[in-house]
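Listed below are the residues making up each chain.
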Amino acid sequence: MSIPNGIQPYSYPASQADEFEKKGHPGMFLQSITCLSGSTTFTGSNYGVGGLIVPHPTTGTASLSLGGQIPLATLATMSSQGAIIEISVRSVAVASGGPVYALIRNQLVR
């Protein structure tokens, strides 16, 4: 297949810094926030948390964006099998154990 006039797919100005700026972020999650033991991390300032990785054993609570709380120990049993728990979180309070990783979701990938 010939490309007319030397135009290449994904041809971008040299001013763009890297491939992520050129093509976008391909994964479901873009960034992680580390929630340490003995702390409460409010995710409102980091809007878009849509996943947690909770190591076992961990205690504390995850507060959901529209209300309610789930004990981190309950989530740790799910996460211990290598699962990312997809959940919309307002805050994470880690009493012991951890760290818990709150994952910022890529809004362009569903």
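Residues numbered from 1 in each chain as written. Predicted model: local features only at pLDDT ≥ 70, side-chain atom pairs only at ≥ 80, totals over all residues. Heavy atoms only, no water.

### Structural notes on the overall build of the chain
The helix and strand tally for the chain stands at 2 helices and 8 strands. In sequence order, the secondary structure elements of the chain are arranged as α-β-β-β-β-β-α-β-β-β. When burial is assessed residue by residue, the chain has 26% of its 110 residues classed as buried. Here the contacts in the chain between residues at least 6 apart in sequence split such that 73% fall between residues at least 24 apart. (Helix = DSSP H or I, 4+ residues; strand = E, 2+ residues; numbered from the N terminus. Buried < 20%, exposed > 50% of the residue type's maximum accessible area, 1.4 Å probe, protein only. Contact = heavy atoms within 4.5 Å.)

### Some thoughts on the environment of Leu75
On the secondary structure map, Leu75 appears in helix α2 (residues 72–79). For Leu75, a relative accessible area of 3% gives the class buried. Sequence spacing of Leu75 and Ile85 is 10 residues, and the spatial spacing of their C-alpha atoms is 7.5 Å. The contact partners of Leu75, leaving out residues within four places of it in the chain, are Leu52, Val54, Ala62, Ile70 and Ile85.

### A short note on the side chain of Arg105
Along the chain, Arg105 turns up in strand β8 (residues 100–105). In terms of polar contacts, Arg105 uses its side chain to reach the side chain of Glu86, at 3.2 Å. (Polar contact = N/O pair within 3.5 Å; in protein donor to acceptor, adjacent residues only side chain to side chain.)

### Section: the side chain of Ser63
For Ser63, the position within the fold is in strand β4 (residues 59–64). Note on Ser63: relative accessible area 13%, which makes it buried. Once residues lying within four places of it in the same chain are set aside, the contact partners of Ser63 are Gly68, Gln69, Ser88, Val89, Arg90 and Ser91.

### Quick word on the pairing of β4
Regular strands show a simple pattern: their side chains alternate between the two faces of the sheet. Judged from the 6 bridges that link them, β4 and strand β7 (residues 89–96) form a sheet pairing that is antiparallel. Bridging from a neighbouring strand, Ser63 pairs with Ser91 of β7. Counted between consecutive antiparallel strands, the loop separating β4 from strand β5 (residues 69–71) contains 4 residues, among which Gly67 sits at a positive phi close to 115°. (Pairing = 2+ DSSP bridges.)

### Some words on the pairing of β8
In terms of burial, β8 is a largely internal element, 5 of the 6 residues being buried. Note: strand β1 (residues 29–35) against β8, 6 bridges, orientation antiparallel. Residue pairing in the sheet places Cys35 in a bridge with Val100 of β8. Pairing between strand β3 (residues 49–53) and β8: 4 bridges, direction antiparallel. Considered in β8, the bridge of Ile53 is made with Tyr101.

### Focus: the pattern of salt bridges
Taken as a whole and judged by the stated rule, the model has 1 salt bridge. Ionic pairing is found between Glu86 and Arg105, a salt bridge with its closest N-O pair at 3.2 Å. Taken as a pair, Glu86 in strand β6 (residues 85–86) and Arg105 in strand β8 lie far apart in primary sequence, 19 residues in all. (Salt bridge = Lys/Arg side-chain N within 4 Å of Asp/Glu carboxyl O.)

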